[in-house]
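Summary of structural features
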Amino acid sequence: MPLKAKMKTALILILVGVIIFQLIQPRIAKNTCDRVIQHGYPCEVHTVTTKDGYLLTMFRIPGSPLMASGDEKEISTKPPVLLMHGTQCSSDMWVLNGPNDGLPYLLANAGYDVWIGNIRGNYIHANQNRPNVGSRGILCHVKARLPNMLAPIFGRPGILATIFGSLQGNSFGNLIRTVFPSVCRQNEALCVSYLQNVVGQDSPYINRTLLPEFFSTYPAGTSPRLTLHFFQLVNTCQFRAYDFGPNQNLQKYGKTEPPAYDLSKIKLKSPIELYFSDNDYLATIEDVRHLWKIMGDQVSLHRLNLSKYNHFDFVLSENVKTIINDCVVDKMQEYEGRSFNGSLCNNFRNKAF
């Protein structure tokens, strides 16, 4: 056998050996509260029951070790804050970068009652088997390759979508979460490449030290219907309810096509703060512009002046505290009528569009 073929065979055998070893060795489950408590913050686990009987796990950070007892008394009523993770993630993503940078910790330090939720179908709810409602998002110009490849196949009612929707379990996600942490430690460049193909290429801000821990929680899994709805939104370029097909749509919606979500009807006392960047493959500039045209002054736009900032960076970049999180907390302080700095949002363009 030629030397090159022998080396290739050896590499394959080594990879298979690593996978088998990772799969058979015992794993210590670590949930969001475990990650929070290790930094000295209090944490609670709560279960919320939906109308259709699904049990959702939420985590609460009710205080901060950095807040003195006198400060606690000054904030007699802590404003509640709900943080929701992104697609194929879980509550873990918010706390991976620790108390110096992580938004939940910074909010707890500022005197907020922090709640972190989980969508149906991820590994936090691994022992449940319940139906799910669709996702809601404007995803007309998604740049990530995989969604664009799969959307024409699964993004419409039919036999393939039915087969996909009937699949249960997160076997692929379990494999990735088991094997990739070790892969990232051995081959950091491979993990960076895999991640940036999805979230945005060539970001210099990615926190590489977090990659093994991140891939121990990602992909977290999700419900089949939510994934199908995502593909439908990408495929049709329309922001509307889940498409069951003409017959079922008629039964559920009273018409053969699913109804659109009319965002122009949203009227708020304070505008929604939108933070976005040019290098985000999932929340693209084109889609944010379309959303702004619909909602007008109901949104306040913050377009980063860092051209390589990607989707991942908004939560787990090396500079996320100074670029994003300090600004977010300061804006919240202002809206709550509290003392605020007013000069922590300096990394955005003067004019978004």
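Residues numbered from 1 in each chain as written. Predicted model: local features only at pLDDT ≥ 70, side-chain atom pairs only at ≥ 80, totals over all residues. Heavy atoms only, no water.

Brief notes about the packing of aromatic side chains
Evaluated as defined, the whole model comprises 17 aromatic pairs. A centroid spacing of 5.3 Å and a plane angle of 50° characterise the contact between Y205 and Y309, whose relative ring orientation is tilted. Linking Y205 in the loop between α9 (188-199) and α10 (211-215) with Y309 in the loop between β6 (299-303) and α14 (313-316), this pair joins segments that are 104 residues apart in sequence. When the ring of F230 is compared with that of F231, the centres are 5.9 Å apart and the planes differ by 70°; the resulting orientation is edge-to-face. Accessibility expressed as a relative area gives 13% for F230, which makes it buried. (Phe/Tyr/Trp six-rings, centres within 6.5 Å; stacked < 30°, edge-to-face > 60°. Helix = DSSP H or I, 4+ residues; strand = E, 2+ residues; numbered from the N terminus. Buried < 20%, exposed > 50% of the residue type's maximum accessible area, 1.4 Å probe, protein only.)

A word on the state of the cysteines
Throughout the structure, instances matching the rule amount to three disulfides. A sulfur-sulfur separation of 2.0 Å characterises the disulfide bridge that pairs C184 with C191. Linking C184 and C191, the disulfide has an S-S dihedral of approximately -100° and is accordingly described as left-handed. Both residues of the pair, C184 and C191, count as buried. Linked covalently through their sulfurs, C327 and C345 form a disulfide whose S-S length is 2.0 Å. Of note, the bridge from C327 to C345 carries an S-S torsion of about 100° and is right-handed in sense. With C327 in helix α15 (residues 320-335) and C345 in the segment after α15, this residue pair connects regions lying 18 residues apart in the sequence. (Disulfide = S-S within 2.5 Å.)

So, the confidence of the model for the protein chain
Looking at the protein chain, the pLDDT average stands at 81 and 75% of residues meet or exceed 70. Counting interchain partners and residues more than four positions distant, the pLDDT-below-50 stretch residues 163-169 has eight contacts. (pLDDT = per-residue confidence, 0-100. Contact = heavy atoms within 4.5 Å.)

Re the side chain of D330
In this structure, D330 sits in helix α15. No salt bridge is formed by the buried D330; the nearest opposite charge belongs to K331, separated by 7.5 Å. With residues near it in sequence (within four places) discarded, D330 still touches F340, N341, G342, S343 and L344. (Lys, Arg positive; Asp, Glu negative; His and termini not counted. Salt bridge = Lys/Arg side-chain N within 4 Å of Asp/Glu carboxyl O.)

Focus: the sheet that holds strand β4 (residues 113-116)
Strand order in the open sheet formed by four strands is β1-β2-β4-β3, with mixed pairing between adjacent strands. Two strands bound the open sheet, and with one partner strand each, they are β1 (44-49) and β3 (80-83). With strand direction ignored, the average angle separating the axes of adjacent strands in the sheet is 30°. By the bridge criterion, six bridges tie β1 to strand β2 (residues 55-61) in an arrangement that is antiparallel. (Pairing = 2+ DSSP bridges. Axes fitted to C-alpha atoms, helices over the stretch in contact; angles between N-to-C directions.)

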